[in-house]
Amino acid sequence: MRIKAIEVGHISLPLVHPFKTALRTVEAVEDVVVRVVSDDGTVGYGEAPPTAVITGDTTASILCAIREYIRPALVGMDVMDLEAVMRRLDGCMAHNTTPKAAVDMAVYDLWARAQGKPLYQLLGDARQSFQTDLTISVNPVDQMVSDSLEAVDRGFGILKVKVGKEGLADVDRMAAIRRAVGPDVRLRVDANQGWTAEQSVSIIRAMEDRGLDIELVEQPVPAHDLAGLKEVARAVDTPILADEAVFSHYDAARIIEERAADLINIKLMKTGGIWNALKICRLAEAGGVECMIGCMLESRLSVAAAAHLAAGQRIITRADLDGPSLCAVDPYTGGPLFNGPEIAMSDNPGVGVENVPCPAWSD
């Protein structure tokens, strides 16, 4: 089975609510979609969300990377020689992790389809279902409380609350949400690099002193501030999750070696796909550091690939795969079942997602 063509298109899906963080506000998923076609006509799918504030990738740079660098490097290669394909993909250009991730997941989709098995079974078969959280965007406190209660009404028992814009005022924000949802809902805090190390320690300790029972705090300091991240992790009792600080397995190795964070967030759009994400999983297992699987603003197409990775790897103990739940419509069929907070794997071969809503594919 050889790669015959790599084609690109575009999807646009409205969100249920505007997605607001300390870094950006988005009202719809506007992503590049990819399909890799084999010489026997089998098709694998991937998706690339332009997230310039995190990965540096824009729609234009994604399209250029795929058309000018990735496609010429991979067309003609044997999909079943997965290691060779992934090495070529990883080495055909520096950085540009988002387009690499989209092509990576499409190739993995093809590879598993050729074997007639769901991808997660080939990645380790650790579990058949798991729970995801739901993101609560940064807004006035009363709206965040309302959004949190709505999420609980939808069945979500884990909420990831975006903060990072108002310093110590975020403590009152979390206190209001905790009062509203009660003690049984698990609350995660994501500052999206919004605090300094000093602010982080002060804010997190204040949350601890008020008994808010925060499960974890995600990336409290800027991505480049590893010393600050380490300082925070050592100064507070609440587990610290490294997100934007970890793109590659080299980043993960440094975090683990220096104990700069308690947990690592794996996102395929940061790692460049499943192949490199598996390297982080192996390092995390060796170092005894649990991982979360996360996503950008993605539809079910690429979140399904991340779900397969999570279902295949025991070191991934937490999930932030709420992209499909944030979208107002879901045009896809097949693949994992996203039933509110529960993600259940299916027996569909490959990643399994079909009916990709792209009006026109182009090479």
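None of the values given here were measured: they were computed from a predicted structure. (Residues numbered from 1 in each chain as written. Predicted model: local features only at pLDDT ≥ 70, side-chain atom pairs only at ≥ 80, totals over all residues. Heavy atoms only, no water.)

Engineer: Would you mind showing me how to read the sheet that holds strand β8 (residues 214-218) here?
Structural biologist: Taken together, the eight strands give an open sheet; going across it, the order is β5-β6-β7-β8-β9-β10-β11-β12, and neighbouring strands pair in parallel fashion. Whereas interior strands pair on both sides, the edge strands pair on one side only; in this sheet they are β5 (134-136) and β12 (316-320). Across the sheet, the axes of successive neighbouring strands diverge by a mean angle of 30 degrees, strand direction being ignored. Sheet topology note: the strand β10 (residues 263-267)/strand β11 (residues 291-294) ladder contains four bridges and is parallel. Bridge pairing links K267 to G294 in β11. Set on the sheet, helix α12 (residues 300-312) makes contact with β10, β11 and β12; between it and β11 the angle comes to about 160 degrees. (Pairing = 2+ DSSP bridges. Helix = DSSP H or I, 4+ residues; strand = E, 2+ residues; numbered from the N terminus. Axes fitted to C-alpha atoms, helices over the stretch in contact; angles between N-to-C directions. Contact = heavy atoms within 4.5 Å.)

Engineer: Help me understand the nonpolar core, please; the structure alone is not making it clear to me.
Structural biologist: General note: in soluble globular proteins, nonpolar side chains tend to be found buried as a group. Counting residues in each nonpolar core, the largest one holds 130 residues, and the members touching the most others are L74, V103, Y108, I255, I264 and L321. Residue contributions to this core peak at 10 residues, all from helix α3 (residues 97-114). (Core = buried A, V, L, I, M, F, W, Y, C linked by side-chain atoms within 4.5 Å. Buried < 20%, exposed > 50% of the residue type's maximum accessible area, 1.4 Å probe, protein only.)

Engineer: What is the right way to look at the pairing of strand β6 (residues 158-162) in this model?
Structural biologist: In summary, the side chains of a regular strand alternate between the two faces of the sheet. For β6, the buried fraction is high: five of the five residues fall into the buried class. Here β6 shows two buried faces, one formed by I158, K160 and K162 and the other by L159 and V161. Looking at chain direction, β5 and β6 are connected through three bridges and run parallel. Pairing of I136 across the sheet is with V161, part of β6. Once the chain exits β5 it traverses helix α5 (residues 141-153) before rejoining the sheet at β6, and the crossover so formed is right-handed. As defined by bridge partners, β6 adjoins strand β7 (residues 186-190) across five bridges and the pair is classed as parallel. For I158, the partnering residue across the bridge sits in β7 and is R186. Taken together, β6, helix α6 (residues 169-181) and β7 form a β-α-β motif whose crossover is right-handed. (Right-handed = clockwise from strand over helix to strand, strands pointing away.)

Engineer: Please explain the packing of helix α9 (residues 249-258) against helix α11 (residues 274-287) as it appears in this structure.
Structural biologist: The relative placement of two packed helices comes down to the angle between their axes together with the axis-to-axis distance. At their nearest, the axes of α9 and α11 sit 9 Å apart, and the two run at 15 degrees to each other. On the basis of the axis angle, α9 is roughly parallel to α11. As α9 runs across α11, the sense of the crossing is right-handed. For the pair α9 and α11, contact is made by H249, A252, A253 and I256 and by K279, I280, L283, A284 and G287, respectively. Broken down by class, the residue content of the contact of α9 with α11 amounts to six nonpolar, two polar and one charged. (Parallel < 35°, antiparallel > 145°, perpendicular 65-115°, else oblique. Left-handed = near helix turned anticlockwise from the far one by under 90°. Nonpolar A, V, L, I, M, F, W, Y, C, P; charged D, E, K, R; others polar.)

Engineer: Honestly, the pairing of β7 in this entry has me stumped. Any pointers?
Structural biologist: Of all five residues that make up β7, four are buried, and the element is covered over most of its length. Bridge count between β7 and β8: four bridges; the pairing is parallel. Along β8, the bridge assignment pairs L187 with I214. As a crossover connection, the stretch from β7 through helix α7 (residues 197-209) into β8 is right-handed.

Engineer: Help me out: how do you make sense of the side chain of D147 in this one?
Structural biologist: Within the secondary structure, D147 is located in helix α5. This buried residue, D147, is left without a salt bridge; K20 holds the nearest opposite charge, at 8.4 Å. The residues touching D147, leaving out its near neighbours within four places in the chain, are H17, I136 and N139. (Lys, Arg positive; Asp, Glu negative; His and termini not counted. Salt bridge = Lys/Arg side-chain N within 4 Å of Asp/Glu carboxyl O.)

Engineer: When you look at the sheet that holds strand β1 (residues 3-20) in this model, what are you seeing that I'm missing?
Structural biologist: Sheet strands pair by backbone hydrogen bonding; their relative direction is either parallel or antiparallel. With respect to topology, three strands assemble into an open sheet ordered β1-β2-β3, the strand pairing being antiparallel. If you trace the sheet from one side to the other, it starts and ends with β1 and β3 (43-48), each paired once. In this sheet, adjacent strand axes meet at a mean angle of 25 degrees when their direction is disregarded. Relative to β3, strand β2 (residues 25-38) runs antiparallel, the two being bridged by six bridges. Counted as the bridge partner of V33 is E47 from β3.

Engineer: It is not clear to me how the packing of aromatic side chains should be interpreted in this structure. Could you clarify?
Structural biologist: Each aromatic ring pair is characterised by the separation of its centres together with the angle its planes make. Taken as a whole and assessed by the stated rule, the structure comprises two aromatic pairs. For the ring pair Y45 and W361, a centre distance of 6.1 Å and an interplane angle of 40 degrees mean the geometry is tilted. With a gap of 316 residues between them, Y45 in strand β3 and W361 in the segment after β14 (342-344) connect regions that are remote in the sequence. Relative accessible area serves as the criterion here: at 22%, W361 is assigned to the partly exposed category. When the ring of Y108 is compared with that of W111, the centres are 5.8 Å apart and the planes differ by 85 degrees; the resulting orientation is edge-to-face. (Phe/Tyr/Trp six-rings, centres within 6.5 Å; stacked < 30°, edge-to-face > 60°.)

Engineer: What exactly am I supposed to notice about unusual backbone geometry here?
Structural biologist: A negative phi holds for most residues other than glycine; trans holds for most peptide bonds. We note that N96 has phi near 50 degrees; this positive angle belongs to a residue other than glycine. For N96, the location among the structural elements is in the loop between α2 (82-91) and α3. With phi around 55 degrees, D125 is a residue other than glycine that occupies positive phi space. Looking at where D125 falls in the secondary structure, it is placed in the loop between α4 (119-122) and β4 (129-131). Its relative accessible area of 36% is what places D125 among the partly exposed residues.

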